[in-house]
Every structure is written in C-alpha cells, then in structure tokens.
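Each chain, letter by letter, is given below.
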Amino acid sequence: MKVGDRVRIKKGDVTYTGLVMPSTGEYIVLKLDNGYNVGIKKDASTKITVLKKGAKIARRKKTPAPLGNRALPKVSILSTGGTIASKVDYRTGAVSSQFSVGDILSAIPELAEIANFNGRVIYGILSENMRAEYWQELARAVADDIKKGADGVIITHGTDTMTYTAAALSFMLKTPVPIVLVGSQRSADRPSSDNVVNAVCAARVATSDIAEVTVVMHATSSDDQCLIHRGTRVRKMHTSKRDAFQSINDKPVGLVDYKDKTIYPFGEYRKRNVQELVLKEGLETKCALVKFFPGASPMIIDHYADAGYKGLVIEGTGLGHVSTEWIPSIKRAVDNGMHVIMTSQCLSGRVCDRVYDTGRDLLKAGVIEGEDMLPEVALVKLMWVLDRTDGQEEVRQLMQTSLAGEISERSTYG
Amino acid sequence: MVDYRRLGLKAGLEVHQQLDTANKLFCGCPTKLRDNNESIYEIRRHLHMTESELGEIDRAVMEAVQVQRRFVYKGYDTTCLVENDEEPPQVLNQEALDIALEVALLLNMRVVDETHTMRKIVIDGSNTSGFQRTALIASNGNIVVDGSAVRIDILCLEEEAAQRIPDDGRTYSLDRLGIPLVEIGTAPDITTPEQARSVAEHIGIILRSTGKVKRGIGTIRQDVNISIAEGARVEIKGVQTLNLIKSIVENEVTRQVGLLRIREELKKRGAMRIKADVIGVSDIFANTRCTVIETALKSGIVMAVNLPNFGGLVGREIQSNRTLGAEFSDHAKRFGVGRIFHTDELPKYGITKTEVNTVRKKVRAGPDDCVVIAAGDEGQVRSALNAVVKRANEALDGVPEETRRALPDGNSAYMRPLPGAARMYPETDVLPVRISKKRLKRIKRSLPELFQERKERYMKDYGLNEELAELITRSANAPLFEQIMRLNISPTLVVMTLEATTSELKRRGVPVQNLEAMHFIELFELICANKIAKEGIPRVLEGLANNPDKTAEEIASEAGLQTLDRVAIESVIERIVQSKRAFIKEKGYGVIGPLMGVVMLELRGKVDGKLVSTILKEKVSDIIKERG
Ligand SMILES: [Zn+2]
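Within every chain, residues take consecutive numbers counted from 1 along the sequence as written. A letter from A marks each chain and a number from 1 marks each ligand, given out in the order of writing. This being a predicted model, a pLDDT of at least 70 is required before a residue's local features are given, and a value of 80 or more before pairs of side-chain atoms are given or counted; all residues contribute to the totals for chains, interfaces and linings. Excluded from the side-chain calculation are hydrogens and water; included are all heavy atoms of the structure.

## Considerations on the overall build of chain A
The condition that has to hold: Each helix is a run of H or I in the DSSP string that is no shorter than four residues. Each strand is a run of E no shorter than two, and both are numbered from the N terminus. Residue burial is assigned from relative accessible area. The probe radius is 1.4 Å, only protein chains are included, and a residue is buried under 20% of its type maximum, exposed over 50%, and partly exposed in between. Here a residue-residue contact requires only that any non-hydrogen atoms of the pair lie within 4.5 Å. Residue-level accessible areas treat just the shown protein chains as cover; the underlying method is Shrake-Rupley with a 1.4 Å probe. For the purpose of counting charges, residues Lys and Arg are taken to be positive, whereas Asp and Glu are taken to be negative. His and the chain ends are not included. Where a charge lies is defined by one atom per residue type, namely NZ (Lys), CZ (Arg), CG (Asp) and CD (Glu).
Looking only at helices and strands, chain A has nine helices and 23 strands in total. Summarising its shape, the C-alpha atoms of chain A cover approximately 80 × 60 × 35 Å along the three principal directions. Going through the 414 residues of chain A one by one, you find that 56% of them count as buried. Considering only contacts within chain A whose residues lie at least 6 apart along the sequence, 68% involve residues at least 24 apart. Within the structure as shown, chain A displays about 17,600 Å² of accessible surface, and the carbon and sulfur contribution to it stands at 50%. Within chain A, the 48 negative side-chain charges are centred at a point lying 9 Å from the centre of the 55 positive side-chain charges.

Okay, here's the thing in structure tokens:
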C-alpha cells in the first residue's frame, strides 16, 4: 500500500474505501470518497486490499498563465518564498511555500491587466530561514532585472522577516524604478487569502513612479486598501492580522485603493528615473542585535566581542538605556574596535542618551545613538556601513545620517 | 394516493444540530447569538477561488465565484480574530467532540480512530475563511424507526456558518460563525414522505436526549436528498420544521415526475439541444406599456432567446403554483435580472399581442416554440438568458442534479449545482485528534438512557400503560415527570397534565410557554396535600401561564379552588339533599346522577368528584332509608 493507492480497509465491522494520503504519524490516513480524511489505526483485525495501484495525487495541469500585454509596463516578479503562493505539505500536514510566476499569474488573473510580467524563482525558503547572503543574492537579481529593462520589480516574500529584507535592499540599491516587497498574512491556499489584494496593489505600485524600496500590504482588516511603507520604516506589528505591517516614526509613502487602483501619496518620495541604478551589496555579517532587559547579564556583550563581532545594536530601554553593569563591557568592546549602536525597545520615538547619567556614561563609553531608527533597520544598516568603512567617526556619521529614509531630522507629532 | 414505491422514491436526510457548548468549535468565544445592532465593527472582504487538494475546482465553487464574492461582516464583543479569519484556529473544542461522540454512540455508529479536520470550500460568504471546518467523527450507524432500519452514513462535527443579515445579500453577522454543529447524514433508505418525517423526528429526539444541544428556531435544520427512478438526486436545503419535511418530499416527487413528463413531451416533439442565440429586441418595446421593460429600457436593453419546441411547456406547472418558467427565473435571478417573461404567459403584464408576435418573428420562433424575454443591463441580461438556455437544455435530460432551497410553502427554488467531493482539503492549522478507547468507554458509561429502555422502566416502575409511557418517554418533559413522581401521586394524572392538559390549554391560546418546572411541582404538591382537587388543574395552570410570577397556591386561592374539607363538603351536600327531599323519596337511588350535577355545579374544581359521589350516596341513602 502506497500513497496515492486506492484501497479498501476493513477494520472490525467497518469498511473504509479511499485514497491513501501521506501519513501524519503511525495511523493510516485515508481520503474517503466523500472527501473527508480519516485516520485509521492498524491492528490485527485490519485488512487492507489495494483496489487500484498508484493513482497519483498529481496536481491537475494548470491553465496556462495569461499572456502579457506588451503595451503594459514590464514588471519582474522575483519569488523568494513565503505565503504569497503556497501548497499543502502532505508529509507534515503543514502549509509550505511553493511558487512560480505561472502559479501566481494563474491564481491572480487581474495582475495581467496591470503589467507585462516576467519572473523567476530566486530561492524558495521560509522567511525565518533567510540570511544576509540571501539579501545579497536578491539585490543582485533585482539589479540584473532593472538593467535588463524592468520598469518595476516585485519581490514575493514571507512576512516574518520581510522588513529586514526591505531594509537591506534599501541600503544596497539606488534604484530608478519601484522595488516592491509583498506577501500574505493568510495562506494563499484559502479563498480568503489577502494575497490577491496585496499582489494587485503591489503591481500597481511597481508600475507607479515611486522609485523606492517599499512594502505593500493591507492597510486594515478589510480587503479595500493597501499601505505603501518605506522599506526602512516598516515593521510587522501583529502575528496574524492582515494589517500587521505598520510604518513606525514616519508616515507611509501612500495608499493604494484596491477597487480603482489609484495611489494616494502621503508625502514626498523619490520619483522614477531620478537616480541611476547603483548596487552595493557588501555586508559585514559579524553584527548582532541584543535586547536589554532588567537584570540582563553583560556577558552577552563580552561574548560577541570575544567572538570578533564588528558591530552590535542594542535595543535599550526608554530613551536608550542599559544597566550601569553593562557599561564596562560596552567600553571594553568599543575600545577593541566594535561599533555599538543604541536603539530603543519603545520602537516609537528617538534615542537620547544625554538626559540621564547612564546615558551620558554610555556616550562616554563610545555608544552611537541610533536616532529614531528601528532596531532591526539599524542592524542591517550597520552591516552595510561596516562593509564600507571601519573608521569610528565615519561609522558614527553614516549611522546618524539618513541614507535611505531610515532617520527623520525632526520628530513630528502623530 | 401516490405510489412512492412504484416511483422508486429514495430519500436521505442531513440533520444539522447546534451544540450547546460553552465555547465555539475553534475559539474561546461564547456560543451566543447577538442582535445585529450590537455589532461593534465591520470588515469587508473578497473571496477568491481556490484549488482543492486534488487540483480540481469544484463546480459549485465555480458557479459561486462567477456570481458574487464581495462580502461585509459584522463583529461583536463576543467574536474574536478567529471568526475574522485573522488568527489560526485553536484546538478542536473537546466538549463539542464529546457530545458528537455521544450522539454517534446513540446512533450505533462506528467512531474513527483519528479525526482530521477538513476545509470544505464554501465561498457564498457564509464563512470568512472561504471554507467550513468539518471533521468526520463516525460512520456506519443505523436506527430503527417504525419498524424499518435506516442506515446512518456519517456524523461530522463542524462549525456553524455566519448568518446572512436579512434584506442584504452580502452582509453576514459573525456571532453564529463557529458554533459547534453535528451533521448527521442518513443513507437514501427512506421510501415515503411520512417516513422522512418520522426519521427526522427520531434523530431530533436522540439529539435532545443528550441534553447538550441548542433548542429553538434555527438551531436544528434538515436537508433532504430526494430522487425517483429516472429522476436525479436533488438536495433541498434548510428545512426548519418537521412538518415541512413531508411536503418537501411530496412536492419534489411531483416536480421530478413533472420534469420527466416534460422530457417525454420534448422527445416526442423531436427537440434538440438549444444553441443560445440571444437577440436584442429593444426597438420592439420602444413604446411599451409594460412598466418593468419601460424602466429597464431607460438605461438598459431588452433581449430575447428562442427555445424551440418548448411552447406550452414553460408555462406548465411542475409543483403547485410553480412552473418550469419559475425554474428558468431562479437561474436568471442569479445574474441580477429581476424578472423574465416567456411567451407561454403572454400577452400579459402590459406586453401586447403585437409585441409578442413581433418578437417571435424577430427570433424566428415557430408555433411550437417558446420565447423568453428579459430586460436590464446588457451583460446581466445576456448572462441571464444564457442561464435560461442552459436550464432548458437540462430539461431535455429530465431532472438536473442540483441543490435547492426549501420554501416555506413546501416547494423549493434553485440554489446551486450539487457540490462534488473535491471541496475538501485538510485544515492544516488544526492537528488531528485521536479518539482513545478509554474516552469512548467513559462516554458510553454516561450515555443517556435510550428511549426503549426508558419506556420499559416507566411501565414497570410507575405502572403506566404503553401508550402513556411512550408519550412521556419521547417528551422533553420526561425529566420533569420523574421529578414529580417523587411525590406520591398518580403517574397517569401527571402524564396527562404534562402532555394533554398543556396542549389543550395551548390550543385555547393560553401562553403555556411561560410554565416552568417549578410551576408543575408546586401544583402537584398542592394536589398531594389535598389542598386542591385534580379538577382544578387546568384553571391553576392557566392562571400560572398568565401570571408566571405567582405561586400555584396563590392562583388556587384567588380562583377559589382550594379544596373544602369534608365537613364543608358535607354541609353543601346536606343543604342540597335536604332541599330535594321529596324528589329523592319519589325517585329513590335514580336521583344520584342528576343530583351529582347540581352539587358539582357548586363545588367544581374545589373537590374531588369521587369524594362528592361517596358523600352524596351516603346522604341520599340516609333519606331513602328514613321511615315515613
Ligand atoms: Zn472567537
């Protein structure tokens, strides 16, 4: 008896007939003719008869993806995984990421009215398995496609670490065209998935004149609008809601209405074809992000310093504090050439270490204030900056200057 | 009399019963229905077509996608992100699973070793997720109703759908979504409409015997599958009352017979498959008196399609007051066209004979043909008329397999094609649940008493005759009966009071729904204490039903029903007997009957008739025996 066989299983006075499904444990899982799966425990009385061998549980051939309209803008879709397109994994019974541009276009035919798509799979991994090297590979792929004439690039991405990738691309690429990251919070194998609205709005942004790295996801719980978030300002703020993505310390770039496909900008943005394409994907990956908590041991700083780490972002309390116990360790690390950036676990607001004694001691120890940068963005930026330079002053200056919209000069109300 | 056996009637039932659990099936929200006005938020959603596990798109799903897919949901402080489809479901509610297992055992079913929650695609908007979560719990059961066995094929535990808000096609209320539900499906073993009713009733009684299901309108719904020989399986959904089941089955048989006759007639006429040729006929109606068409023409178009050989058949009744044309109209309505006209019913509705003839000519209709006309938005009208042609072509084959909606008059209207098995795929967010032998044993030990056993016990313990034992066994009042029987009182009187007296009062318009267990217990305590006579029962109950806040004793005293003691009774009888002395002397014992009437007129409801009769006999006998 193999997966896909049609079998009859007699157990006691009951007979089940159906297709053998991949098992989730030691029980046999059978898909009955009425569509239900049931688990059957094999025992001495169980008699299995194979009725038809090898009926493959194959996916039906896809309807071919709609052909692109050559008159429309050319948009590249680069797949990296995540739930913008997913299938059921029979082995584990879990939803896993699977995709191809054909899959996406046949699932969302509306896209074909917006752009002429072309795409490829860069890699297919779960968002949580992403690494810095993957950001670099992705940045090169984006640059390639722009060089080849793409009028916009869409990157489909798992939502968990999408904002790290968005930040990385924001620093690595100066772009003349829109680069849009998109995903879905509810798996694409369900009729209610947010993937369609997100993908359509993302395609709209990719064909707009917003030549920045942005994240386009649901604005609210409803399927009406998407927000366009700047790649260095966005954070996933909810585990499961459709409107999990929010801009912190800055307004979003704008909003896309799903129904009429209109973009409503909220402020300034970099326009299409204003800057030349530049790719600088180098990263110093020996960087880490550490969260302080009351009573936390400074050993973590020593550990990273001893392991030869070049940069460290601390997520401190309030205005940017750690306990006084940490200060000697930080000073030792800075003295040994590590660059330490202070950010706040408040997320909202700006770091300021000149108000309290501990802060002033941190500054004396050589800590660089991370302004109003998100901790994760500061980490990615530090990796990028440390690949450019090692000079303490230069690092400080770059970290405190807005390179890709990640820092505001003024903290505005609301 | 219709010979259902000869027609080859086969019917099966699907009973859906809400369970009375504390929480919903996949979240911690209460299973509480709310007033729509209490809604505190609203979300707007789109549903998109999806591929099922085997990559086939179900035909029912396909059709729903083409019709409508934008929905609004109203939420409450008693709904959460799970109902909003914004959070993965929690583990399967174990209380609900226990109830489902209990029902499965009562239906003599075989429980699966491990239950897998599935996603059943439903994209009519009634589930925010676009699917209903459902798990098969048991199969292979059977019940015996009125001497014949009916197999119970499946029992599933599933989540109740959101409720559509009336008068608004696309707004749903989230309060009902997720309430646990058992779905019980019988095999098509039912062969008469009457049997369909009895089987549904029997299953309903078994469900209620657990004491763990919701009661009241909408908490139990029946779907009926019906086919006759040469006909086709038709599923009629949403039958809310038992009484309707019989007429639903009868009417569907009539309908299938009617459709088969139409098929024969079409065959005789040599009818061929129709190719839809929808033609614009707006010009013909430029000066029409038909207000429907006139209004539609302001922004739309009139179109017509010829149905060769359908003349006279479209207007033919296939259910009482429903013609084949009404079926065409059901299909057309799905595309937003409010009304279609067909030449079998014209001229009428302001459409003139000249207009009809001109249209017939334009679509080249022959004398045996029927022309269908619709007006409105061009796209909608075209789709509607194409749907009419599709349905007409199905008439060539006889009865189309489909899902229909029960109408309150016992008829039904088209709803959607029958769903196929491809609607299901695993709900990967919910882990499979193993059902241990230990768990089944525990549930078996605490199974509610089966009716047969209970009936026998009532006959043995209380000396009820079989008829009364059966009556109270199947009644929702059975637990109350047993409670009252702790008093030293006649079981027959209690059963008659609980069942016959209350239904008699109900017939007279007394609000007996106000009567509670406490009222009955107080009443019988009064009777036991000889404080009122059993003749006073109806009046006390009537009083309590009208004033449920009062006690039985208060009612009895207000109505002057309290029993007189023997001395008082004797004095009343003595007075009457003395006034009739001459009469008694003359007629002897023959006066007892008439005198009884006179006495009871004065004492009715306050005394036990037997006691009156005894005293009266003594007094009369005293007078007769007097000398002189
Ligand atoms: Zn809930």
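## A closer look at unusual backbone geometry
A cis amide bond links B:Leu346 with the next residue in sequence, B:Pro347, at an omega value of 5 degrees. Note on placement: B:Pro347 falls in the loop between strand E18 (340–342) and helix H8 (353–362).

## Overview of the domain arrangement of chain B
For the record, the criterion: How far each domain reaches was decided by an automatic or database domain assignment.
When cut into domains, chain B gives domain 1 (10–267), domain 2 (273–395), domain 3 (451–558) and domain 4 (566–627). The straight-line distance from the C-alpha centre of domain 2 of chain B to that of domain 3 of chain B is 61 Å.

## Here's the deal with helix H20 (residues 592–603) of chain B
Residues and elements named next belong to chain B. Spelled out, the test is: A helix is expected to span 1.5 Å for every residue after the first. Each C-beta atom gives one direction from the helix axis, and the arc is the one those directions make.
A rise of 1.5 Å per residue sets the reference length of H20, with its 12 residues, at 16 Å; its end C-alpha atoms lie 16 Å apart and thus fit the reference within 8%. Within the span of H20, buried status applies to Ile592, Leu595, Met596, Val599, Met600 and Leu603. Projected onto a plane normal to the axis of H20, the buried residues spread over an arc of 135 degrees and lie on a single side. Considering only its buried residues, H20 is in contact with helix H18 (566–579), helix H19 (581–587) and helix H21 (609–625).

## Notes on the interface of chain A and chain B
Stated formally: Take the accessible area each of two parts loses on contact, using a 1.4 Å probe, and add the two losses: that sum is the buried area. For this document, the term salt bridge refers to a Lys or Arg side-chain nitrogen within 4 Å of an Asp or Glu carboxyl oxygen. N or O atoms within 3.5 Å of each other form a polar contact, as long as, within protein, one can give a hydrogen and the other can take it, and as long as residues adjacent in sequence are counted only when both atoms are side-chain atoms. Any residue that is not Ala, Val, Leu, Ile, Met, Phe, Trp, Tyr, Cys, Pro, Asp, Glu, Lys or Arg is counted as polar, Gly included; the first ten are nonpolar and the last four charged. The pairing criterion is simple: DSSP has to find at least two bridges between the two strands.
Listed as interface residues are 49 residues of chain A and, on the opposing side, 52 residues of chain B. Counting the surface lost from both chain A and chain B, the interface buries some 4,200 Å², and carbon and sulfur atoms represent 47% of this. B:Arg44 is the partner of A:Asp224 in a salt bridge, and the nearest nitrogen-oxygen pair spans 2.4 Å. Connecting chain A to chain B are 21 residue pairs in polar contact (both at pLDDT 80 or more). Looking at the side of chain A that touches chain B, the elements with two or more residues in it are strand E2 (14–21), strand E3 (28–32), strand E4 (37–40) and strand E8 (94–97) of chain A. A total of four residues in the side of chain A that touches chain B trace back to one element, the largest contributor, which is E4(A). Of the residues assigned to the side of chain A that touches chain B, the class counts are 18 nonpolar, 14 polar and 17 charged. In the sheet, E4(A) pairs with strand E5 (residues 114–115) of chain B via two bridges, with the strands oriented antiparallel. From the neighbouring strand, A:Gly39 faces E5(B), where its bridge partner is B:Glu114.

## Structural notes on the domain arrangement of chain A
The accessible area lost on association of the parts is a frequent measure of interface size. In terms of domain boundaries, chain A breaks down into domain 1 (6–52), domain 2 (74–279) and domain 3 (287–399). The distance between the C-alpha centroids of domain 1 of chain A and domain 2 of chain A comes to 43 Å.

## Points about the pairing of strand E1 (residues 10–18) of chain B
Residue and element names in this part refer to chain B. For E1, the buried fraction is high: eight of the nine residues fall into the buried class. Direction of pairing for E1 relative to strand E12 (residues 220–227): antiparallel, over a ladder of eight bridges. Residue pairing across strands places histidine 16 opposite arginine 221, the latter belonging to E12. Judged from the five bridges that link them, E1 and strand E11 (residues 180–186) form a sheet pairing that is antiparallel. Bridge assignment links glutamine 18 to a residue of E11, and that residue is leucine 181.

## With respect to the packing of H18(B) against H20(B)
Residue and element names in this part refer to chain B. Just so we agree on the cut-off: Here the axes come from fitting lines to C-alpha atoms, over the contacting stretch only for helices, and the angles between their N-to-C directions go from 0 to 180 degrees. Just so you know how the angles are binned, under 35 degrees is roughly parallel, over 145 roughly antiparallel, 65 to 115 roughly perpendicular, and the rest oblique. Left-handed describes a crossing in which the near helix is turned anticlockwise from the far one by less than a right angle; the clockwise case is right-handed.
In contact at an axis separation of 10 Å, H18 and H20 are set at 135 degrees when each is read in the N-to-C sense. On the basis of their axis angle, the class for H18 and H20 is oblique. Here H18 runs over H20; the crossing is right-handed. Where H18 approaches H20, its residues Ile569, Val572, Ile573, Arg575 and Ile576 are matched on the opposing element by Leu595, Val598, Val599, Glu602 and Leu603. Split by residue class, the contact of H18 with H20 holds eight nonpolar, no polar and two charged.

## Considering the coordination of the zinc ion
Under perfect tetrahedral coordination by four donors, a metal shows angles of 109.5 degrees; under perfect octahedral coordination by six donors, it shows angles of 90 or 180 degrees. Condition: Metal donors were taken as nitrogen, oxygen and sulfur atoms no farther than 2.8 Å from the ion, or 3.2 Å where the ion is Na, K or Ca. Water is excluded, so coordination may look unfinished.
Every protein donor of the zinc ion is listed here as B:Cys27 (SG), B:Cys29 (SG), B:Cys80 (SG), B:Glu83 (OE) and B:Glu83 (OE), and their distances to the metal cover 2.1 to 2.7 Å. Of the residues examined, B:Cys29 reaches a relative accessible area of 7% and is grouped as buried.

## Quick notes on the packing of aromatic side chains
Selection criterion: Geometry of aromatic contacts follows a simple scheme: Phe, Tyr and Trp rings, the Trp one being its six-membered ring, pair when their centres are within 6.5 Å, and the pair is stacked under 30 degrees between planes, edge-to-face over 60, tilted otherwise.
The final tally for this structure, using the stated rule, is 12 aromatic pairs over all chains. The interplanar angle of 85 degrees and the centroid separation of 5.1 Å between the aromatic rings of A:Phe292 and A:Trp326 together place this pair among those described as edge-to-face. Of this pair, A:Phe292 sits in the loop between strand E20 (287–291) and helix H5 (299–306) while A:Trp326 sits in the loop between strand E21 (311–316) and helix H6 (327–335), placing them 34 residues apart in sequence. Residues A:Phe292 and A:Trp326 agree in their burial class; the two are buried. Each ring, one from B:Tyr458 and one from B:Tyr462, has its centre 5.7 Å from the other, and the planes form 50 degrees; the classification is tilted. Taken together, the residues span about one helical turn, with B:Tyr458 and B:Tyr462 both in helix H11 (residues 451–462) at a distance of four residues.

## Examining the sheet that holds strand E6 (residues 74–79) of chain A
Paired through backbone hydrogen bonds, the strands of a sheet run either parallel or antiparallel to each other. All names here are of chain A. With respect to topology, eight strands assemble into an open sheet ordered E9-E6-E10-E12-E13-E14-E17-E18, the strand pairing being mixed. Each of the sheet's edge strands pairs with one partner strand only, and the pair in question is strand E9 (116–121) and strand E18 (263–265). Across this sheet, the average inter-strand angle for adjacent strands is 25 degrees, counted without regard to direction. By the bridge criterion, four bridges tie strand E10 (residues 152–156) to strand E12 (residues 179–182) in an arrangement that is parallel. Among the inter-strand pairings, threonine 156 is bridged to a residue of E12, identified as valine 182. Along the sheet, helix H2 (residues 132–147) makes contact with E6, E9, E10 and E12, crossing E6 at roughly 160 degrees.

## Thoughts on the sheet that holds strand E3 (residues 70–75) of chain B
With respect to topology, four strands assemble into an open sheet ordered E2-E3-E10-E9 (chain B), the strand pairing being mixed. Among the strands making up the open sheet, the edge pair consists of strand E2 (41–46) and strand E9 (163–164) of chain B.

## Considering empty space enclosed by the protein
Residues and elements named next belong to chain B. Selection rule: Note on definitions: the grid is 1 Å and covers protein atoms alone; a cavity is a set of points where a 1.4 Å probe fits but cannot get out; a pocket is an open set with protein on both sides within 12 Å along at least five of seven lines; lining residues have an atom within 4 Å of a point. Grid points are joined across faces, edges and corners, and a volume is the space filled by probe spheres set on the points.
This model, assessed by the stated rule, comprises three cavities of 30 Å³ or more. Residue lining of the largest cavity: 14 residues in total, with Val82, Glu83, Arg133, Glu159 and Leu177 positioned closest to the centre. A class-by-class count of the residues in the lining of the largest cavity yields six nonpolar, four polar and four charged.

## Some points on the environment of B:Ala375
Residues and elements named next belong to chain B. Relative to the helices and strands, alanine 375 is located in strand E19 (residues 370–376). In this structure, the C-alpha to C-alpha distance between alanine 375 and glycine 338, residues 37 residues apart in sequence, is 8.8 Å. Leave out the neighbours within four places in its chain, and alanine 375 touches Ile293, Ala296, Ile301, Val302, Val337 and Val381.

## Let's talk about the side chain of B:Glu427
Residues and elements named next belong to chain B. Here glutamate 427 lies in the loop between strand E22 (424–426) and strand E23 (433–434). A relative accessible area of 2% means that glutamate 427 is categorised as buried. When residues no more than four places from it in sequence are discounted, the contact partners of glutamate 427 are Pro89, Thr117, Met118, Arg119, Phe131 and Arg133.

## Observations regarding a positive patch on the surface
Test applied: Patch members must show over 30% relative accessible area and no salt bridge, and they are joined within 9 Å when carrying like charges or within 5 Å when they are nonpolar side chains of Val, Leu, Ile, Met, Phe, Trp or Tyr.
On the surface, a cluster of positive charge is contributed by A:Lys41, B:Lys437, B:Lys441, B:Lys444 and B:Arg445. Residue placement: A:Lys41 occurs in the loop between E4 and strand E5 (47–52). Judged by its relative accessible area of 44%, A:Lys41 is partly exposed.

## Brief notes about the pairing of strand E6 (residues 117–121) of chain B
Residue and element names in this part refer to chain B. Here E6 lies mainly inside the structure; five of its five residues are buried. Along E6, one buried face is formed by Thr117, Arg119 and Ile121 and the opposite face, lined by Met118 and Lys120, is buried too. Bridging between E6 and strand E7 (residues 131–145) involves five bridges; their strand directions are antiparallel. Residue pairing across strands places arginine 119 opposite arginine 133, the latter belonging to E7. Pairing of E6 with E22, which is carried by three bridges, proceeds in the antiparallel orientation. Its bridge partner lying in E22, arginine 119 is registered against tyrosine 425.

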